[in-house]
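A closer look at the structure
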Number of protein chains: 2
Amino acid sequence: MNDVNPVLVEALRGSAVESMHRGAVAVVDADSRPVLTLGDVSRAVFPRSAVKLLQALPLVASGAADALKLSDEELAIACASHNGEPAHVATARGMLAKAGLDADALECGAHWPGLDLATRELAAQGQAPGTLHNNCSGKHAGFACLACALHGRDGLRGFLRGYVEPGHEVMREVTSALQAATGADLAQAPVGIDGCSIPTYAIPLERLALAFARVATGQGLSTGHARAAQRLRQAIARAPFMVAGTGRFDTRVMEVLGERVCCKVGAEGVYCAALPERGLGVAIKMDDGNTARAAEVVMAAVIEALLRLDADEAALLRGLSDVTMRNWRGTVVGTLRASTALRGAF
Amino acid sequence: MNDVNPVLVEALRGSAVESMHRGAVAVVDADSRPVLTLGDVSRAVFPRSAVKLLQALPLVASGAADALKLSDEELAIACASHNGEPAHVATARGMLAKAGLDADALECGAHWPGLDLATRELAAQGQAPGTLHNNCSGKHAGFACLACALHGRDGLRGFLRGYVEPGHEVMREVTSALQAATGADLAQAPVGIDGCSIPTYAIPLERLALAFARVATGQGLSTGHARAAQRLRQAIARAPFMVAGTGRFDTRVMEVLGERVCCKVGAEGVYCAALPERGLGVAIKMDDGNTARAAEVVMAAVIEALLRLDADEAALLRGLSDVTMRNWRGTVVGTLRASTALRGAF
């Protein structure tokens, strides 16, 4: 039982603990020196969407972003798991248009918007979702723009076909950037297929944290990737709505903290962040795969502990790490909170 | 770390375990003899909606169900966490009408239907959800019918007001039935407020299992409650759509197994079941509160292990305990499965 990760988040109903979430947290600097280690940080985890910024490095480093004059909004959505709100759909569509493509080029599949209100509005208009509503459509539009730099516009649609496969030239570029940033040997890593059909590689949590320390500092990245990381961080800070959307953790935190935090949620309880002013990278994995109510609480508590916050900033983060829960009538029924094991670790 | 519950469910991506769910399972007979114990079954858990059948015992035992000529569908929905589909809304509305009441009498609050399709259809009609769409509306309509027996129709609306409070005569009847079935001293139990605003009491898992062994056999219940339990089990078996709805575990399992299983899901990873032919009760609590992908898998594996199933029945249950997961494009990406610790426990 020594390998059991600690409880990081507790859900209380009334004053009793109803449920709990275990997990691991790694915070390291760009020299791999651990600042905080909770649980087993050497275990390899599928980072899922938490590494979209790393997967977007070639989009900038290849020159595609400049050649196609991608805006902050477009670069931010290339790193996004967005809500499928109208502005997200329009932005992803616009990126594809710059590459001379449309939604049919995307291989991410379709799903109803992540924001319930956006789903209901779409349904009320008698519409069904397309690939642009997929939370990964911006990332895939970024892949299409990268393909434009690799191949040129001539015959681009044919070149792009099958881009989600590991052996495709586009995906090899993306995987190579992920390998360089994490220092993990991805050829030897367990591989799975992500929700949007691209490969996802299992990477030790401490190496994911290292990659984001590198994103925070540029240290340990090639010059081109270091510049790309800075450009993407700036774009996300300027357009935080594009990386997630209405009501979402990443958007709310970066709207307030700007470039001080570059955080990104992933499926199955993964969260990564770069903290440039501290030169640190953060990686979180909840054992049970719960993102929305577990990994987010942990990330909020980590940011609270590591950054100097003013009163408004502290209030926002405390509201995300010590969450009042209400029922359908609006009655307070409980609290979702960072555990004492987590709070006490700093 | 000796108090850490075992892993009962694993989520695999490709061939690697991506996430895992810990929890406890108690299976006992009506004499409290344990047939299976996994994890800490003495810990008190909030049973949430898993005990709706117990909370509906007074509806039948009071004579209200007979006096108001409640149908199988109406008795089933009194024990339901339903999808808010049109048939559910109509059935709950009809029960209230039999008591001379309407949706305004319900104190459960409103939420969009649990079934996404029902939400989209409601939105497409330009409508918003009301209290009847609340997954607990049938239970609350049952409380209203119970109130009719306790008070009579005259001034019923006034009598009913505040029925969700622990001290209200209706709720005292409901709590008394829960206490009698579980044998727990609820006056001393931790109490919280449930999603639908009624109290929920923390009860040791093994006592929840005992209550459902009593429901399965009648043994240990008063004559009135034993008859009521049998009537409710029969009603649910005849109208399994009403207890959950399209695509839902409880509905699918009971459509096939009928009276052989009477199972009921609860929020926060709770599941209870009565297995009449074995004279057993089952209670499950996942530590992380995950119902849909964890407690359901455990319940499927428990039913598989405890009942003799024909090929079709076995195939249904195996599909629920060893679930193929696909992404937005329909590609197989992984498996959700009962752990070897769980499978090997029988």
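Residues numbered from 1 in each chain as written. Chains lettered and ligands numbered in written order. Predicted model: local features only at pLDDT ≥ 70, side-chain atom pairs only at ≥ 80, totals over all residues. Heavy atoms only, no water.

Some thoughts on the overall build of chain A
Quick reminder of the rule: Only runs of H or I of at least four residues qualify as helices and only runs of E of at least two qualify as strands under DSSP, and these elements are numbered from the N terminus. With C-alpha atoms as the basis for the radius of gyration, the globule rule is written as 2.2 Å multiplied by the number of residues raised to the power 0.38. Whether a residue is buried, partly exposed or exposed follows from its accessible area with a 1.4 Å probe, protein chains only, as a fraction of its type maximum: under 20%, in between, or over 50%, in that order. Under the convention used here, a 1.4 Å probe and the Shrake-Rupley method define accessible areas, while residue burial counts only the protein chains that appear. By the counting rule applied here, Lys and Arg register as positive and Asp and Glu as negative, while His and the ends of each chain are not counted. Just so you know, the charge point we use is NZ for Lys, CZ for Arg, CG for Asp and CD for Glu.
In terms of helices and strands, chain A carries 16 helices and twelve strands. Computed over the C-alpha atoms, the radius of gyration of chain A is 19 Å, within 12% of the 20 Å expected from 2.2 N^0.38 for a compact globule of 346 residues. Judged by the C-alpha coordinates and their principal axes, chain A covers about 65 × 50 × 40 Å. For chain A, the residues scored as buried account for 62% of the 346 residues in total. Per element, the accessible surface of chain A, about 12200 Å² overall, is 48% carbon and sulfur. Measuring between centres, the 34 positive side-chain charges of chain A sit 2 Å from its 36 negative side-chain charges.

Comments concerning the packing of aromatic side chains
Residues and elements named next belong to chain A. Spelled out, the test is: What counts as a ring pair is set by centres within 6.5 Å for rings of Phe, Tyr and Trp (its six-membered ring), and what kind of pair is set by the plane angle: stacked under 30 degrees, edge-to-face over 60, tilted for all other angles.
On inspection of all chains with the given rule, the structure shows four aromatic pairs over all chains. Taking the centre distance of 6.2 Å and the plane angle of 65 degrees together, the rings of Phe 143 and Tyr 163 count as edge-to-face. On the criterion of sequence distance, the pair formed by Phe 143 in helix α7 (residues 137–151) and Tyr 163 in the loop between α8 (156–160) and α9 (169–182) is long-range, its members being 20 residues apart. Just as Phe 143 is buried, Tyr 163 falls in that class too.

A closer look at the relation of the copies chain B and chain A
Quick reminder of the rule: Residues below a pLDDT of 70 in either copy are left out; the C-alpha atoms of the rest, at least 70 in both, set the least-squares superposition of the copies. Note on definitions: a residue-residue contact is assigned when non-hydrogen atoms from the two residues lie within 4.5 Å.
If you rotate chain B by 180 degrees and push it 0.0 Å along the axis, it lands on chain A with an RMSD of 0.0 Å. Considering both components of the superposition, the chain copies are consistent with a two-fold axis. Among all C-alpha atoms of chain B, that of Ala124(B) lies closest to the rotation axis, at 1.9 Å. Comparing contact sets, 100% of the residues at the interface of chain B also lie at the interface in chain A, consistent with an isologous, same-surface contact.

Comments concerning the side chain of His21(A)
Stated formally: Counting of polar contacts relies on pairs of N or O atoms within 3.5 Å, with two restrictions inside protein: one atom must be capable of donating a hydrogen and the other of accepting it, and residues adjacent in sequence are counted only when both atoms are side-chain atoms.
Mapped onto the secondary structure, His21(A) falls in strand β2 (residues 16–29). On the basis of relative accessibility, which here comes to 0%, the residue His21(A) falls in the buried class. For His21(A), the side chain forms a polar contact with the side chain of Asp288(A), separated by 2.8 Å. Separated by 2.9 Å, the side chains of His21(A) and Arg293(A) make a polar contact. Those residues in contact with His21(A) that lie beyond four places of it in its chain are Pro6(A), Val7(A), Leu8(A), Val9(A), Met286(A), Asp288(A), Asn290(A), Arg293(A), Ala294(A) and Asp288(B).

Overview of the pattern of salt bridges
Any two side chains of opposite charge can pair if their charged atoms end up close together. Stated precisely, the cut-off is as follows: Any carboxyl oxygen of Asp or Glu within 4 Å of a side-chain nitrogen of Lys or Arg constitutes a salt bridge here.
One pass over the structure, following the stated rule, counts 32 salt bridges over all chains. Arg48(B) is the salt-bridge partner of Asp194(B), the closest N and O atoms lying 2.8 Å from each other. On the criterion of sequence distance, the pair formed by Asp194(B) in the loop between β5 (191–193) and β6 (199–201) and Arg48(B) in the loop between β4 (44–45) and α1 (52–61) is long-range, its members being 146 residues apart. With a shortest N-O distance of 2.7 Å, Glu74(B) and Lys98(B) are connected by a salt bridge. Of this pair, Glu74(B) sits in helix α3 (residues 72–77) while Lys98(B) sits in helix α4 (residues 86–98), and the two are 24 residues apart along the sequence. On the basis of relative accessibility, which here comes to 7%, the residue Glu74(B) falls in the buried class. With relative accessibility at 27%, the residue Lys98(B) sits in the partly exposed group. Here the residues in one salt-bridge network are Arg13(A), Glu18(A), Arg48(B) and Asp194(B), joined through shared partners.

Side note on the interface of chain B and chain A
The partner chain A presents 47 residues to the 47 residues of chain B that form the contact. Between the two partners, chain B and chain A, sit four salt bridges. Glu18(B) serves as the salt-bridge partner of Arg48(A), at 3.1 Å between the closest nitrogen and oxygen. For the interface between chain B and chain A, the tally reads 26 residue pairs in polar contact (both at pLDDT 80 or more).

A look at the side chain of Glu296(B)
All names here are of chain B. Of note, Glu 296 is situated in helix α13 (residues 291–306). For the buried Glu 296, no salt bridge is present, and the opposite-charge side chain at shortest range is Arg 248, 5.4 Å distant. If near-sequence neighbours (up to four positions away) are discounted, Glu 296 is found in contact with Phe 249, Tyr 271, Thr 291 and Leu 320.

What to know about the pairing of strand β3 (residues 34–38) of chain B
Residue and element names in this part refer to chain B. Stated precisely, the cut-off is as follows: Only strands joined by at least two bridges in the DSSP assignment are considered to pair.
Pairing of strand β2 (residues 16–29) with β3, which is carried by four bridges, proceeds in the antiparallel orientation. Opposite Val 28, over in β3, you have Pro 34 as the bridge partner. The hairpin turn running from β2 into β3, its antiparallel successor, is four residues long, and Ser 32 in that turn takes a positive phi close to 70 degrees.

Details of α13(B)
Cut-off, in case you're wondering: One less than the number of residues in a helix, times 1.5 Å, gives the span that helix is expected to have.
The end-to-end C-alpha distance of α13(B) is 21 Å, a good match for the 22 Å that 16 residues give at a rise of 1.5 Å each. Its side-chain oxygen at 3.4 Å from the backbone nitrogen of Ala292(B), Asn290(B) defines the N-terminal cap of α13(B).

Notes on the packing of helix α6 (residues 116–124) of chain A against helix α5 (residues 116–124) of chain B
The criterion, for reference: All axes here are fitted lines through C-alpha atoms, helices being fitted over the stretch that makes contact, and every angle between N-to-C directions spans 0 to 180 degrees. Orientation is classified from the angle alone, with under 35 degrees giving roughly parallel, over 145 giving roughly antiparallel, 65 to 115 giving roughly perpendicular, and any other angle giving oblique. Crossing handedness is defined as follows: a turn of the near helix away from the far one that is anticlockwise and smaller than a right angle gives a left-handed crossing, while the clockwise case is right-handed. Throughout, the ten residues Ala, Val, Leu, Ile, Met, Phe, Trp, Tyr, Cys and Pro are labelled nonpolar, Asp, Glu, Lys and Arg are labelled charged, and all others, Gly among them, are labelled polar.
The N-to-C vectors of α6(A) and α5(B) enclose an angle of 55 degrees; their axes lie 7 Å apart at closest approach. Taken as axis vectors, α6(A) and α5(B) run oblique relative to one another. Of the two possible hands of crossing, α6(A) and α5(B) adopt the one that is right-handed. Taken together, the residues of α5(B) that come into contact with α6(A) (itself represented by Thr119(A), Arg120(A), Ala123(A) and Ala124(A)) are Thr119(B), Arg120(B), Ala123(B) and Ala124(B). In terms of residue class, the contact of α6(A) with α5(B) is made up of four nonpolar, two polar and two charged.

Focus on unusual backbone geometry
All names here are of chain A. Here Ser 32, not a glycine, exhibits a phi torsion of approximately 70 degrees, which is positive. With respect to the secondary-structure elements, Ser 32 resides in the loop between β2 and β3 (34–38). At Arg 48, a position not held by glycine, the phi torsion is positive, near 50 degrees.

Thoughts on the packing of helix α6 (residues 137–151) of chain B against helix α8 (residues 169–182) of chain B
All names here are of chain B. Here α6 crosses α8 at 105 degrees, and the two axes come no closer than 10 Å. Comparing their axes, α8 and α6 come out roughly perpendicular. Judged by residue contacts, Phe 143, Leu 146, Ala 147 and Leu 150 of α6 engage Glu 169, Val 170, Met 171, Glu 173 and Val 174 from α8. Split by residue class, the contact of α6 with α8 holds seven nonpolar, no polar and two charged.

Concerning the state of the cysteines
Note the cut-off: Two cysteine sulfurs form a disulfide in these notes if their separation is within 2.5 Å.
Going through the model one piece at a time under the given rule, you end up with zero disulfides over all chains. Note on Cys145(A): no disulfide assigned, nearest cysteine sulfur contributed by Cys148(A) at a separation of 6.8 Å. Free cysteine: Cys108(B), not disulfide-bonded; nearest cysteine sulfur from Cys136(B) at 6.8 Å.

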